[in-house]
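Given next are the chains, with one letter for each unit.
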Amino acid sequence: MTRKTLFIALIGIAALIVAPLGQGNYFIYILCSWLLFSIAAMGLNLTLGYAGQVSLAQASFMGIGAYVTALMTLNGIHWILAMPCAVLATFVIGLLLGYPALRVQHHFLAFVTLAFNTLVFLVLRNEEWLTGGSFGLVGMPRPDFGVVNTMKQLPFYYFTLVCFVIAAAKFAWIVNSPWGRAFRALRENPVRADSLGVDIRRTTLLAFAIGSAYGGLAGAIMTPLVQFIEPGSFSLIHSLKLLLMVVVGGSGFFFGPILGAAVVILVPELFRFTEYYLIYYAILVIVLMVYSPGGLIGAGQKIAARFRARRQTRKDMNRGPQL
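About the cut-offs
Residues numbered from 1 in each chain as written. Predicted model: local features only at pLDDT ≥ 70, side-chain atom pairs only at ≥ 80, totals over all residues. Heavy atoms only, no water. Core = buried A, V, L, I, M, F, W, Y, C linked by side-chain atoms within 4.5 Å. Buried < 20%, exposed > 50% of the residue type's maximum accessible area, 1.4 Å probe, protein only. Helix = DSSP H or I, 4+ residues; strand = E, 2+ residues; numbered from the N terminus. Contact = heavy atoms within 4.5 Å. Salt bridge = Lys/Arg side-chain N within 4 Å of Asp/Glu carboxyl O. Axes fitted to C-alpha atoms, helices over the stretch in contact; angles between N-to-C directions. Parallel < 35°, antiparallel > 145°, perpendicular 65-115°, else oblique. Left-handed = near helix turned anticlockwise from the far one by under 90°. Polar contact = N/O pair within 3.5 Å; in protein donor to acceptor, adjacent residues only side chain to side chain. Disulfide = S-S within 2.5 Å. Phe/Tyr/Trp six-rings, centres within 6.5 Å; stacked < 30°, edge-to-face > 60°. Lys NZ or Arg CZ within 6 Å of the ring centre and 35° of its normal.

### Examining the nonpolar core
Where a protein is soluble and globular, its nonpolar side chains tend to be buried together.
Logical step 1: In this structure, Trp34 and Met62 are the most contacted members of the largest nonpolar core, which totals 83 residues.
Logical step 2: Top contributing element to this core by residue count: helix 2 (residues 25–50), with 16 residues.
Logical step 3: Non-local contacts of Trp34, meaning those with residues more than four positions away in its chain, are made with Leu16, Ile258, Ala261, Ala262, Ile265 and Leu266.

Dropping the structure here:
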């Protein structure tokens, strides 16, 4: 991570610390939702943006993490023990889901992950003895750390913020490590990456596993936040929403999923006072995608390039040795 990126991150953390002060419970709840969806979008950004593996199943991993955490906490197990189990479960399942990616690519892989998301949704809805079916699970306690109780909204926000900062720091370490370079090589050209010694099989599986674990962590935080979960919260439409976050923010950029989650979660709240706010929101997203396929960060880079000083070449040197 460069000094500039670190400086921006510190400014952002400082802004997030003061953002909820003096605000109502609903605004704090929206901020918590933004942070936990940013975590889930980070995982999808690793799988899609860095490793180039198309996935439409991120919401299902949020669901798995949420239900594992809910079932454990409802049985008296503290969240601090339930969360690692949720993350480990989604890591293992993501590892298994990565195996089809070794044989199919692009839209075929998208169909495989779409089918998995549908499978998880059907299991959550039909296995009432375990998941509560369409009625869901309710009453999950918020974690109590002794000196810090997160029952109120503001303490829970700072608890979510700590989880978000740790997840973002880990994500930054991954993408700047040799693993991150291997993921990017896999995205750009798998054949060339293989010729350079990158283990394509292991890299593909890890991209799915780590990205899925981030979804599980987001689900583990979502459980005590809403204290009610049901299968509809993790359907395909929510996987598409997470995909939108990554694409709108900037696929393959560190801050991309965070900005994208802000657009998807926060911007509709700003337009809510207008009658046709969803139409305005959809138009803004369409215009952004048409003129900047690289998302918000791609658009920012284009604007910055227009004002950046360019290196000028002497006119008499254009023809070089022909003079």
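After presenting the structure, the write-up continues.
### A look at the pattern of salt bridges
Logical step 1: Per the stated rule, a full pass over the model turns up two salt bridges.
Logical step 2: The residue Arg187 makes a salt bridge to Glu188 at a minimum N-O spacing of 2.9 Å.
Logical step 3: Judged by relative accessible area, Arg187 falls into the partly exposed class, the value being 31%.
Logical step 4: The closest approach of N and O atoms between Asp199 and Arg202, which form a salt bridge, is 4.0 Å.
Logical step 5: On the accessibility criterion, Asp199 (37% relative accessible area) is partly exposed.

### Some thoughts on the packing of helix 2 against helix 7 (residues 153–175)
Logical step 1: Look at helix 2 against helix 7: their axes get within 9 Å of each other, and the N-to-C directions meet at 15°. Considered as vectors, helix 2 and helix 7 are oriented roughly parallel to each other. Helix-helix and strand crossings are classified by hand; for helix 2 and helix 7 the assignment is left-handed.

### Brief notes about the side chain of Thr73
Logical step 1: Inspection of the secondary structure assignment puts Thr73 in helix 3 (residues 58–74).
Logical step 2: You can call Thr73 buried: its relative accessible area is 7%.
Logical step 3: A polar contact of 3.2 Å, which involves the side chain of Thr73, links it to the backbone oxygen of Ala70.
Logical step 4: Aside from chain neighbours lying at most four places away, what touches Thr73 is His78, Trp79, Ala82, Met140 and Pro141.

### Brief notes about the state of the cysteines
Logical step 1: The tally for this structure, following the rule as stated, stands at zero disulfides.
Logical step 2: There is no disulfide at Cys32, and the cysteine sulfur nearest it, in Cys163, is 10 Å away.
Logical step 3: Relative accessible area serves as the criterion here: at 0%, Cys32 is assigned to the buried category.
Logical step 4: Take Cys85: it sits in no disulfide, and the sulfur closest to it among the cysteines is that of Cys163, at 15 Å.
Logical step 5: You can call Cys85 partly exposed: its relative accessible area is 35%.

### Quick notes on the packing of aromatic side chains
Logical step 1: Taken as a whole and assessed by the stated rule, the structure comprises ten aromatic pairs.
Logical step 2: Aromatic pair Tyr50 and Phe171: ring centres 5.8 Å apart, planes at 80°, arrangement edge-to-face. Residue Tyr50 is found in helix 2, and its partner Phe171 is found in helix 7; the two are separated by 121 residues along the sequence. Each member of the pair, Tyr50 as well as Phe171, is classed as buried.
Logical step 3: Their ring planes at 70° and their centres at 5.3 Å tell us that Tyr157 and Tyr158 sit as a pair that is edge-to-face.
Logical step 4: Owing to a relative accessible area of 24%, Tyr158 belongs among the partly exposed residues under this scheme.
Logical step 5: Taken together through their ring pairs, the aromatic side chains of Tyr50, Phe171, Tyr214, Phe254 and Phe255 make up a single cluster.
Logical step 6: Above the face of the Phe156 ring, Arg142 is positioned so that its terminal group lies 4.5 Å from the ring centre.

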